[in-house]
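These are the residues of each chain, in order.
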Amino acid sequence: MTQAATITEAQVWAWLEDVPDPEIPVISVVDLGVVRGVSVSGDQVAVTITPTYSGCPAMAVIAIDIETALARKGITDLTLKTQIAPAWTTDWLSEKGRARLEEYGIAPPQAAGGPERCPHCQSTEVEKVSQFGSTPCKAQWRCTDCLEPFDYFKCI
């Protein structure tokens, strides 16, 4: 089976949907918006990725995970490109990704700069504990109703 005869861009996108973000494993690198493009030309597959922020330590792991996932599908000629402009933004998160973040207990980013509600009990009574959370792209918040702490994915 040769790549040129069987692999399409749509298939590669679908395969990448199964590659989890290493820091938030309930969301794929596609739903996170890190995968910016896929192209297939003959036997060559190119995937373009954009870091969530400059110096993101997860990008090396994401690159390895993408290479591994596509190698398992028979992709032998892969080029990974890192594109830093335009800069990644939380606007690139998919609706599915936002929903998965909340189900996981992480409040998805909001344009207003803070979470709308607690991802645990849905209360709107929340307060910021720290601008810094479990990773640099998250802040620590707490619900004043259920008293549970939670991460808020910062709006970038």
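It should be noted that the structure appears before, not after, this text.
All of the points below concern the structure found in this document. (Residues numbered from 1 in each chain as written. Predicted model: local features only at pLDDT ≥ 70, side-chain atom pairs only at ≥ 80, totals over all residues. Heavy atoms only, no water.)

Turning to the overall build of the chain, a few remarks are in order. Of the regular secondary structure elements, the chain holds four helices and seven strands. Listed N to C, the secondary structure of the chain is α-α-β-β-α-β-α-β-β-β-β in terms of helices and strands. Seen along its three principal axes, the alpha-carbon backbone of the chain occupies a region of about 60 × 25 × 20 Å. When contacts within the chain are restricted to residue pairs at least 6 apart in sequence, long-range pairs at least 24 apart make up 52% of them. As presented, the chain carries roughly 8000 Å² of accessible surface, and 52% of it is formed by carbon and sulfur atoms. In the chain, the 12 positive side-chain charges and the 20 negative ones have mean positions that sit 2 Å from each other. (Helix = DSSP H or I, 4+ residues; strand = E, 2+ residues; numbered from the N terminus. Contact = heavy atoms within 4.5 Å. Areas by Shrake-Rupley, 256 points an atom, 1.4 Å probe, with all protein chains shown as cover. Lys, Arg positive; Asp, Glu negative; His and termini not counted. Charge placed at Lys NZ, Arg CZ, Asp CG, Glu CD.)

Bringing the pairing of strand E3 (residues 78–82) into the picture now. Alignment of strand E2 (residues 44–49) against E3, held across five bridges, turns out to be parallel. Across the sheet, residue alanine 46 finds its bridge partner in E3, namely threonine 79. In the classification by handedness, the crossover that spans E2, the intervening helix H3 (residues 58–72) and the parallel E3 is right-handed. (Pairing = 2+ DSSP bridges. Right-handed = clockwise from strand over helix to strand, strands pointing away.)

Attention now goes to the packing of aromatic side chains. Given two aromatic rings, one states the distance between the centres and the angle between the planes to describe the pair. The final tally for this structure, using the stated rule, is two aromatic pairs. Between the aromatic rings of tryptophan 88 and phenylalanine 153, the centroid separation amounts to 6.1 Å while the plane-to-plane angle is 55°, which identifies the pairing as tilted. Here tryptophan 88 is found in the loop between E3 and helix H4 (95–104), whereas its partner phenylalanine 153 is found in strand E7 (residues 149–153), with 65 residues between them in sequence. Aromatic pair tryptophan 141 and tyrosine 152: ring centres 6.0 Å apart, planes at 65°, arrangement edge-to-face. With a gap of eleven residues between them, tryptophan 141 in strand E6 (residues 138–143) and tyrosine 152 in strand E7 connect regions that are remote in the sequence. Residue tryptophan 141 shares its accessibility class with tyrosine 152, and that shared class is buried. Positioned above the aromatic ring of tryptophan 92, the side-chain terminus of arginine 36 is 3.4 Å from the ring centre. (Phe/Tyr/Trp six-rings, centres within 6.5 Å; stacked < 30°, edge-to-face > 60°. Buried < 20%, exposed > 50% of the residue type's maximum accessible area, 1.4 Å probe, protein only. Lys NZ or Arg CZ within 6 Å of the ring centre and 35° of its normal.)

Tracing the sequence through the fold places serine 134 in the loop between strand E5 (126–130) and E6. The spacing of serine 134 and phenylalanine 150 is 16 residues in sequence and 9.6 Å in space, taken between C-alpha atoms. Of the polar contacts made by the side chain of serine 134, one reaches the side chain of lysine 138; its length is 3.2 Å. Engagement of the side chain of serine 134 in a polar contact is seen with the side chain of aspartate 151, the distance being 2.7 Å. (Polar contact = N/O pair within 3.5 Å; in protein donor to acceptor, adjacent residues only side chain to side chain.)

A separate point is the sheet that holds E5. Spatial ordering of the open sheet is given by E4-E7-E6-E5, a layout of four strands whose pairing is mixed. Only two strands of the sheet have a single partner each, and these edge strands are strand E4 (106–107) and E5. Alignment of E4 against E7, held across two bridges, turns out to be parallel. Counted as the bridge partner of isoleucine 106 is aspartate 151 from E7.

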